[in-house]
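Survey of secondary and tertiary structure
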Amino acid sequence: MKSEDTPFEGGPMDGRVLPVLLGITGHPPKTYRIPVPAPDGGPPTVLVYRRVPRGRSSRTGLHRGWKYLHDPTGQAGRRPRWPWSKPAPAPDATPEGKPDDAEG
């Protein structure tokens, strides 16, 4: 399998460069999850990093590769986005057509 040295930015992995396995298309995965064991033996904490373009070449305009940015929420991008799916409601949003409970 082919791998590529990919830099990580933000979070506990800031500044580190790790070899990441490439997929069939030659790109690293869109999300990189790193399980970190808890010191007291509890459930592990999962660090989530999102793939973003590293930069663009000034001459050709092509991107120079990929890097991973820390995603502290770790929630975005977990579900596949189908064109016929409704967007997920915001956490504080009320369903459409129903009044707030506070208004009575």
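Up top is the structure.
Described below are features of the structure shown in this document. (Residues numbered from 1 in each chain as written. Predicted model: local features only at pLDDT ≥ 70, side-chain atom pairs only at ≥ 80, totals over all residues. Heavy atoms only, no water.)

**Things to note about the overall build of the chain**
- In terms of regular secondary structure, the chain is built from 0 helices and 5 strands.
- When the helices and strands of the chain are listed from N to C terminus, the series reads β-β-β-β-β.
- Out of the 104 residues belonging to the chain, those deemed buried represent 16%.
- Within the chain, residue pairs in contact and separated by at least 24 positions form 30% of the contacts whose partners lie at least 6 positions apart.
- Accessible area for the chain stands at about 8600 Å²; split by element, carbon and sulfur atoms hold 56% of it. (Helix = DSSP H or I, 4+ residues; strand = E, 2+ residues; numbered from the N terminus. Buried < 20%, exposed > 50% of the residue type's maximum accessible area, 1.4 Å probe, protein only. Contact = heavy atoms within 4.5 Å. Areas by Shrake-Rupley, 256 points an atom, 1.4 Å probe, with all protein chains shown as cover.)

**Focus on the pairing of strand 5 (residues 66–70)**
- Inspection of the sheet shows strand 1 (residues 3–9) paired to strand 5 by 2 bridges, in the parallel sense. Looking across to strand 5, one finds that E9 is bridged to L69. (Pairing = 2+ DSSP bridges.)

**Digging into the sheet that holds strand 2 (residues 17–21)**
- The 5 strands lie next to each other as 2-1-5-4-3, forming an open sheet whose pairing is mixed. The sheet is open, and its two edges are formed by strand 2 and strand 3 (31–36), each paired on a single side. Across this sheet, the average inter-strand angle for adjacent strands is 35 degrees, counted without regard to direction. (Axes fitted to C-alpha atoms, helices over the stretch in contact; angles between N-to-C directions.)

**So, the environment of D14**
- Topologically, D14 is positioned in the loop between strand 1 and strand 2.
- Assessed through its relative accessible area of 51%, D14 is described here as exposed.
- Along the sequence, D14 and L69 sit 55 residues apart, while their C-alpha atoms lie 8.7 Å from each other.
- The contact partners of D14, leaving out residues within four places of it in the chain, are F8 and E9.

**Topic: the nonpolar core**
- Formed by F8, M13, V20, I34, L47, Y49 and Y68, the largest nonpolar core amounts to 7 residues.
- Apart from the residues lying within four places of it in its own chain, the contact partners of I34 are F8, M13, T45, V46, L47 and Y49. (Core = buried A, V, L, I, M, F, W, Y, C linked by side-chain atoms within 4.5 Å.)

**Side note on the packing of aromatic side chains**
- For the structure on display, the rule yields 4 aromatic pairs.
- For the pair F8 and Y32, a centre-to-centre distance of 5.4 Å together with 65 degrees between the ring planes defines the contact as edge-to-face. With F8 in strand 1 and Y32 in strand 3, the pair connects residues that are 24 residues apart, well separated along the chain.
- For Y32, a relative accessible area of 22% translates into the label partly exposed.
- Aromatic pair Y32 and Y68: ring centres 5.5 Å apart, planes at 45 degrees, arrangement tilted. In this pair, Y32 is assigned in strand 3 and Y68 in strand 5, connecting sequence segments 36 residues apart.
- Under the relative-accessibility criterion, Y68 is labelled buried at 0%.
- The rings of F8, Y32, Y49 and Y68 are connected pair by pair, giving a single aromatic cluster.
- Its end group placed over the ring of W66, R51 keeps NZ or CZ at 4.2 Å from the ring centre. (Phe/Tyr/Trp six-rings, centres within 6.5 Å; stacked < 30°, edge-to-face > 60°. Lys NZ or Arg CZ within 6 Å of the ring centre and 35° of its normal.)

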